[in-house]
Structure formats: structure tokens, C-alpha cells
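Read off the chains here:
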Amino acid sequence: MPRVIITVPGKSPQPYRFQLDRRLVTLGRGSNNDIVIDCGSVSVSHAQMCRVEGGYELRDLESTNGIKQDGERRPVIPLHSGMSIHLGDVAFDFQLSDGELENLAREKPLEESPIVREPVEEPVEPKPPQSPPPAKKHEPEILEEDRPGCGSLVWLLVLVMIAFIVGMAIRFQRETGDSWLASVFEKLRISMEGPAALPVEKPPAPAADEKAAGE
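Thresholds, definitions, all that
- Residues numbered from 1 in each chain as written.
- Predicted model: local features only at pLDDT ≥ 70, side-chain atom pairs only at ≥ 80, totals over all residues.
- Heavy atoms only, no water.
- Helix = DSSP H or I, 4+ residues; strand = E, 2+ residues; numbered from the N terminus.
- Buried < 20%, exposed > 50% of the residue type's maximum accessible area, 1.4 Å probe, protein only.
- Contact = heavy atoms within 4.5 Å.
- Areas by Shrake-Rupley, 256 points an atom, 1.4 Å probe, with all protein chains shown as cover.
- Core = buried A, V, L, I, M, F, W, Y, C linked by side-chain atoms within 4.5 Å.
- Polar contact = N/O pair within 3.5 Å; in protein donor to acceptor, adjacent residues only side chain to side chain.
- Pairing = 2+ DSSP bridges.
- Axes fitted to C-alpha atoms, helices over the stretch in contact; angles between N-to-C directions.
- pLDDT = per-residue confidence, 0-100.
- Salt bridge = Lys/Arg side-chain N within 4 Å of Asp/Glu carboxyl O.
- Phe/Tyr/Trp six-rings, centres within 6.5 Å; stacked < 30°, edge-to-face > 60°.

## So, the overall build of the chain
Along the backbone of the chain there are 4 helices and 11 strands. When burial is assessed residue by residue, the chain has 22% of its 215 residues classed as buried. Across the chain, every contact between residues at least 6 apart in sequence was considered, and the portion connecting residues at least 24 apart equals 34%. Only carbon and sulfur atoms are counted for the fraction: they give 57% of the accessible area of the chain, which is about 17,500 Å².

Written out as C-alpha cells, the structure reads:
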């Protein structure tokens with residue numbers, strides 16, 4: 001059975017007991033209360049102790065001096081075994097046996113687990129299809145061996161000079177009847193040897209009439 005001890009200043013403590021099935025216990029200075037407290041600091045209808053799931057709580061009935069826990073006035077105070085409360089200047093001690101604590105613990109509903117809000121994934125907007133890049137025109141690759149080098153240019157120039165010389169020689173032979181190459185060599189020889197290399201022209205032989213007259 002729950003036990004309530006009321007201690008009025010200057011008087012002996014007054015214990016009270018009641019069954020756990022008691023739903024409401026009124027306290028005050030009026031004679032119609034379940035627990036009558038003879039003290040001027042207590043109102044006629046001061047407070048009431050209410051049965052709740054898992055235990056009791058003390059509620060203030062808008063009294064003049066209120067109910068206080070640790071010197072702080074509060075409208076409602078949950079009751080726990082071994083705690084002391086003041087109704088005005090009167091001490092209010094609440095006690096429960098071990099068996100009563102076990103019974104009340106079975107009545108106490110389990111604490112509900114918190115509701116956790118899951119993060120909402122934002123929908124991913126599809127990207128517009130991208131057109132493929134324009135195809136590059138295939139350009140033939142020029143290899144190193146395909147590129148004309150210095151050697152090829154030299155050979156080309158040599159062939160052009162040979163063709164020019166052959167053409168000049170053929171043209172000279174057609175116009176003069178002589179070999180153009182022999183004429184070139186002859187000119188080179190004369191330029192190297194000087195005037196001595198020139199052929200000596202012999203005087204023409206005298207005619208037969210002139211020879212006879214002389215005789």
C-alpha cells in the first residue's frame with residue numbers, strides 16, 4: 001500500500017495508507033478532503049493525488065501557496081518513492097514498497113521509439129541526349145618516305161641538265177653537221193693552249209698559167 005506522511009510544522013507526522021487501486025486522493029484544509037491538513041498555509045482544496053499508468057502524480061488545485069519541489073512551485077509533480085514535497089509549509093513524503101514498485105513498473109508503458117525521418121532522394125533529371133561530334137574527314141597520311149628529299153631533287157636536276165645537253169647536241173648537229181660535244185672540247189682546248197693551238201692556214205697554190213708565165 002502506498003504511504004503518505006503529512007508533517008505540519010510543530011506537530012507530529014501523520015502517516016496515511018491506501019490501496020493501489022485508489023484513483024484519486026484529495027488533500028486540503030476542508031473537512032471533505034480524503035486527507036485533512038490542519039494548517040493555515042494549506043488551502044481548503046489544495047491538491048489532489050491522481051493515479052496514472054506506472055504510478056501517481058500530485059496536481060495543484062490553484063491553491064494560494066501551491067505545491068513545491070526543491071523550493072520551486074510547479075502545477076504538476078510526478079511522484080516517486082522517497083521524494084518529499086511541500087504543500088504550503090506542510091511536508092508531504094511519498095513512499096512505496098518494493099512489491100508496489102514492481103507492480104507499477106509492469107503498468108508503465110514502454111517508451112515509444114523515435115520516428116526518424118529518412119532523407120528524401122531528389123529525382124535526377126535525365127540529361128538531354130548529346131549529338132555525336134562530326135566525323136573528321138580522313139586525310140591521307142604522308143609518310144616520310146613519300147616526301148621528296150634533297151637527294152631526289154638533285155637527281156631530278158641532273159636528269160634535266162642531261163636532257164638539255166642532249167637536246168642542244170642534237171640541234172647543233174642538225175644545223176652544222178658537226179658534233180656539238182667535239183666542238184665544245186675543241187673550244188676548251190683552244191682556250192687552254194692559247195693562239196698556238198689555232199690551225200695554220202696555208203697559202204693557196206699558184207695557178208698553172210701563172211707558173212708557166214714565170215718560166
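## Considerations on the nonpolar core
Judged by nonpolar contacts, the single largest core of 26 residues is most densely connected at Ile6, Leu27, Ile37, Met49, Leu58, Leu79 and Phe92. Residues within four places of Ile37 in sequence aside, it is in contact with Ile6, Val8, Leu27, Gly28, Arg29, Val42, Leu87 and Val90.

## Focus: the side chain of Asn33
Relative to the helices and strands, Asn33 is located in the loop between β3 (24-28) and β4 (35-36). Given the relative accessible area of 11%, Asn33 is considered buried. Of note is the side chain of Asn33, whose polar atom sits 2.8 Å from the backbone oxygen of Gly30. Apart from residues lying up to four places away in sequence, Asn33 is in contact with Thr26, Leu27, Gly28, Val44 and Ser45.

## Focus: the sheet that holds strand β6 (residues 55-60)
The pairing of strands in a sheet happens through backbone hydrogen bonds and is either parallel or antiparallel. Reading across from one edge, β4-β3-β5-β6-β9 is the order of the 5 strands in this open sheet, with mixed pairing throughout. Each edge of the open sheet carries a strand with a single partner, namely β4 and β9 (76-79). Alignment of β6 against β9, held across 4 bridges, turns out to be antiparallel. In the strand pairing of β9, Leu58 is matched with Ile77.

## Quick word on the pairing of strand β1 (residues 3-7)
Inspection of the sheet shows β1 paired to strand β2 (residues 14-17) by 4 bridges, in the antiparallel sense. By the bridge assignment, Ile6 is partnered in β2 with Gln14. Counted between consecutive antiparallel strands, the loop separating β1 from β2 contains 6 residues, among which Gly10 sits at a positive phi close to 85 degrees. Sheet topology places β1 next to strand β11 (residues 90-95); 5 bridges connect them, and they run antiparallel. Counterpart to Ile6 in the pairing with β11 is Phe92.

## Some points on the sheet that holds strand β7 (residues 67-69)
Read from one edge to the other, the open sheet built from 6 strands follows the order β2-β1-β11-β10-β7-β8, with strand pairing classed as antiparallel. Lying at the two open borders of the sheet, with one neighbouring strand each, are β2 and β8 (72-74). Averaged over all adjacent pairs, the angle separating strand axes in this sheet is 30 degrees, with direction ignored.

## Some words on the confidence of the model for the chain
Here the chain averages 78 in pLDDT, while 71% of its residues score no lower than 70. In the model of the chain, helix α4 (residues 208-214) stands out as the element of lowest mean pLDDT, 50, in contrast to β7, which has the highest, 95. Predicted confidence for residues 211-215 stays below pLDDT 50, and this span has 0 contacts to residues more than four positions away or in other chains.

## Considering the pattern of salt bridges
Evaluation of the coordinates by the stated rule reveals 4 salt bridges. A salt bridge links Lys11 to Asp38; its shortest N-O distance comes to 3.6 Å. Highlighted residues: Lys11 in the loop between β1 and β2 and Asp38 in the loop between β4 and β5 (47-52), separated in sequence by 27 residues.

## Here we look at the packing of aromatic side chains
Scanning all chains against the criterion turns up 2 aromatic pairs. Centroid distance Phe18 to Tyr56: 5.7 Å. Interplanar angle 80 degrees. Geometry classified as edge-to-face. Here Phe18 is found in the loop between β2 and β3, whereas its partner Tyr56 is found in strand β6, with 38 residues between them in sequence. Comparing Phe18 with Tyr56, the two get one shared label, buried. When the ring of Tyr56 is compared with that of Phe94, the centres are 6.1 Å apart and the planes differ by 65 degrees; the resulting orientation is edge-to-face. In this pair, Tyr56 is assigned in strand β6 and Phe94 in strand β11, connecting sequence segments 38 residues apart.

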